[in-house]
Structure formats: structure tokens, C-alpha cells
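Summary of structural features
So you can see what is in the structure, the chains are spelled out below.
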Amino acid sequence: MKVLVTGGAGYIGSHTVVELLQAGHDVVVVDSLVNGHAEAIERVQDLTGRPVDLEVGDIRDRPFLDRVFAAHTPSAVVHFAGLKAVGESVENPLAYYDVSVGGSRVLLEAMDAAGCHKIIFSSSATVYGEPQYLPYDEQHPTNPVNPYGRTKMMVEQILGDWCAADPACRAISLRYFNPVGAHPSGRIGEDPQGIPNNLMPYIAQVAVGQRPALQIFEDDYEARDGTGERDYVHVVDLAKAHVAAIEALEKHAGHQVVNVGRGQGVTVLELVAAFEQASDTDIARLIAPRRAGDLPSFYANASQAKALVGWQAELGIAEMCRDTWNWQCRNPAGFGASQ
Ligand code: NAD
Ligand code: UFG
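Note that the structure is a prediction, hence the values are computed from the model and not measured.

Let us now look at the nonpolar core. The biggest cluster of nonpolar side chains holds 42 residues, and the ones touching the most others in it are Val5 and Ile172. With near-sequence residues (within four places) excluded, Val5 lies in contact with Val17, Leu20, Val27, Val28, Val29, Val30, Val78 and Phe80. Listed in part, the 25 residues of the second largest apolar core include Phe69, Val77, Ala81 and Met111.

Structure, rendered in C-alpha cells:
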């Protein structure tokens, strides 16, 4: 199958391109490179020995998309392109509605015009909001608490309406829990700009000596050891979920939503300990005040992914830490410096 991957030069997108190529699909990437790297696509081609067409442009640019669809005639789309920082979405919500909601609408219009009817969408566990029960299953009410989460919810709703209007249209929204890790080759991984927002890249930068200490936001929650608990999923497992989802579109009509997690909560302290073991380093840490908007604990019921998509996670916390450490050591300046 020829698959168009929006945002394929980014973190999760580049890992998914590897898995799509290795499963025998052909890939064209559309990416504005606002947060992605052409170098990631070079490395994906090296890793797989397969060519990838990179079309640099914006998903909001309809004439550009029309040219790409006409040139490559993809039969399915995997849609990662979007902005992803929760705090930035609070400060600049219109940019998030423009890129993530507006961009997705333009993409679907271009798909309609080209007769391409299948899409996998990068959604997020953040659509659930404050847990009414755990683990979250897909029936859990949705109540996103920030503009980023609301854009994900809105795109899911648009996909539902798009599929309802035309029985040929099929979509799966994958609700990711906490993607971490890197390709085991150490050639591609997450390259956050500036100070990382997320726990795993922050730990990795402390381990390699780029930052003095990890701030643990709160150690006094009621659950477990008092630190925040999340459902981390290895980015290679997550990438494989997209390949499985594309294949599942053949069997499932309409719009489906599917959690992608391991179904296991891991605390900040547990992740730090696992990283210390994988890297043979000590992670300096200090306790800091709770971060605004943080939830104490959430994790997935991942049974729908197995039943509907035939996917389940295979890699554990030790592999996530090992592969993050390998990527960080080989690429201390991210894609900015070659190994
Ligand atoms: P990323 O920033 O590394 O990748 C996104 C890619 O989209 C980048 O390469 C960027 O250049 C591109 N892009 C952004 N705006 C674009 C536009 N208007 N037109 C074309 N390309 C554009 O992010 P990621 O971590 O790989 O996340 C991918 C998707 O998964 C995003 O939609 C994100 O919201 C979603 N998601 C990520 C996480 C996470 O923790 N990383 C969790 C849940 C959901
Ligand atoms: N944490 C720290 N110190 C840090 C960073 C994080 O203690 O420097 C803690 C947080 O308080 C939380 C846990 O580590 O308890 C995980 O934090 P992350 O920022 O890595 O992940 P979140 O679950 O807060 O956020 C992620 C994505 C969001 C998405 C959300 C829900 O980054 O985009 O999951 O899916 F909205």
C-alpha cells in the first residue's frame, strides 16, 4: 500500500515510517519541518534501505496537498502533523485550532478530492480529562481540560462526521498514552527543542550532564510512592500500532477510537530508577511544586487495541530506558550533530 504520512519527519512519525517500510508499504511524507528534521528521513532511508519521498509543505496548504495526492496517489493517510505542547496551547490557542483542527479539515478535503478514504489519526489520552475511573477505557467520558486536548477531541468528532457522511470513509483515532524511547539503532529519536517538557527526555538530559537535576513535580500524591503515575509506551511499539491499524481499516467501517498504552502505571520514581539502571548513572533530583494541570495518575485499558487492531505492546520500561539512553549518548545534540 502507498501511505501518505503527515508529520513523518517528527518523533513518532519517523518511527512509524520505519515500521511501514519494513512491513512492505511505500511511504510519502508531508512535513513543514516546523518541528521535524529532514535528517530523520535520511536516516530512515539508511536504516531500512528503502526510499522515502519527502514533500516539504504545510497541511493547511490545499493546492500543495492536491499536488502531492496527484503525484503519489496514496491509498491511506497516517496523520501526525500538528502542534503538541499543552502549555503553548493555553497561551496561543488559535494556533492550535488553526494547525490541528483547520489543517485536519484541509487534509480531509484533499483526501475527498483525491478519492482517498482511509486515515489513522494521532489522538491522545488527554481527551479523557480528570479520570472518573481507571484504567481509562474508550467508553470513559471525554472532557479535555486544555486547548490541545480540545483540538484532539474536535478532530475525532470531525472524523466521525466524515465517516458518517460517506460509507467509503474509514478512520481510526489512536489515543496515545505516554510515548517514550527511541529506535534501538540509536539513529532516530526524540529531539525536543529547548528545555524538555516531558519526563523521559528530561531524565536523559540530566543523565548525560546537559541539565543539573530533574525536578520532580510533587511527591505527595495519595497513590503509590507519591509521584505521578503514567502509562509509558515504547515508540517502536506505538509505531507498530499504526501499521496494525492501517491493516485493520480493511475490516472495520466508520470511525473507531483505540487506546494505545501498556495498561500499566509507572511512577516518576520508578522511571528514574529504571533509567539509572539502564544508563549506570545517578539522576540528581529535587522535589518541586506540582505542575499546573497535572493529574496524579492515569493509564489505559488496552484491550480494545488487541481486539480491534490486533496490537499489543511488547517492550517494557527497561527497553524504553535503554533505547532512550542509546539515542541520547549517540546524539547529544539531537539531529543537529551527526554521530
Ligand atoms: P513532533 O512535533 O515530533 O511531530 C509532528 C510533526 O508535524 C513535525 O515533524 C512537524 O514539523 C510537523 N508539522 C507540524 N505542523 C505542521 C503543518 N502545519 N504541516 C505539516 N507538518 C506539520 O510530534 P510527535 O511527538 O511525533 O507527535 C506526533 C503527533 O502525535 C502529534 O499530533 C501529537 O499531538 C500526537 N501525540 C503526541 C504525544 C507525545 O507525547 N509525543 C502524545 C499524544 C499524541
Ligand atoms: N514530570 C516531572 N518532572 C518533569 C517532567 C514531568 O516530575 O520535568 C512528571 C509529571 O508531573 C508527570 C509525569 O512526570 O507526573 C509525566 O509527565 P510528562 O510531561 O512526561 O507527561 P504528561 O502525562 O504530563 O503529558 C503527556 C503529553 C501531553 C499529553 C498528556 C496526556 O506530554 O501532550 O501526556 O496524554 F497531553
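A word on the site of ligand 2. Lining the immediate surroundings of ligand 2 are 21 residues, of which Asn198, Gln215, Arg230, Arg291 and Asp294 lie closest. If ligand 2 stood free it would expose 690 Å²; the protein chains cover 89% of that surface. The dominant element in the shell around ligand 2, judged by the number of residues it contributes, is strand E8 (residues 214-217), at 4 residues. Residues of the shell around ligand 2, tallied by class, amount to 10 nonpolar, 7 polar and 4 charged.

With that settled, the discussion passes to the environment of Leu134. Along the chain, Leu134 falls in the loop between strand E5 (118-124) and helix H6 (147-165). Along the chain, Leu134 and Val99 lie 35 residues apart, while their C-alpha atoms are 31 Å from each other. Beyond its immediate stretch of four places on either side in the chain, Leu134 contacts Ser297, Phe298 and Tyr299.

Time to look at the pattern of salt bridges. A full pass over the atoms with the stated rule returns 17 salt bridges. In this structure, the salt-bridge partner of Glu39 is Arg43, at a minimum N-O distance of 2.8 Å. With Glu39 and Arg43 both in helix H2 (residues 38-48) and 4 residues apart, the pair spans about one turn of that helix. The class of Glu39 is partly exposed, set by a relative accessible area of 29%. Of the residues examined, Arg43 reaches a relative accessible area of 1% and is grouped as buried. A network of salt bridges, in which partner residues are shared, links Arg62, Asp66, Arg105 and Glu109.

Rules of the game
For every chain, the first residue of the written sequence is number 1, and numbering continues from 1 onward in sequence order. Each chain gets a letter, beginning with A, and each ligand a number, beginning with 1, in the order they are written. Residue-level local features of this predicted model are given only where pLDDT is at least 70; pairs of side-chain atoms are given and counted only at 80 or more, and the full residue set underlies all totals for whole chains, interfaces and linings. Excluding hydrogens and water, the side-chain values take into account all heavy atoms of the structure. Among buried residues, those of type Ala, Val, Leu, Ile, Met, Phe, Trp, Tyr and Cys that are joined through side-chain atoms within 4.5 Å constitute a nonpolar core. The cut-offs for exposure are 20% and 50% of the maximum accessible area for each residue type, with area from a 1.4 Å probe on protein chains only; residues under the lower value are buried, those over the upper are exposed, and the others partly exposed. Any two residues having at least one pair of non-hydrogen atoms within 4.5 Å are treated as being in contact. The rule for a residue being near a molecule or strand is that one of its heavy atoms must lie within 4 Å of it. Method for areas: the Shrake-Rupley scheme with a 1.4 Å probe, in which residue coverage is limited to the protein chains shown. A run of H or I in DSSP becomes a helix once it reaches four residues, and a run of E becomes a strand once it reaches two; helices and strands are each numbered from the N terminus. Following the grouping adopted for this structure description, the nonpolar residues are Ala, Val, Leu, Ile, Met, Phe, Trp, Tyr, Cys and Pro, the charged ones are Asp, Glu, Lys and Arg, and the polar ones are all others, Gly among them. Salt-bridge detection follows one rule: a side-chain nitrogen of Lys or Arg within 4 Å of a carboxyl oxygen of Asp or Glu.

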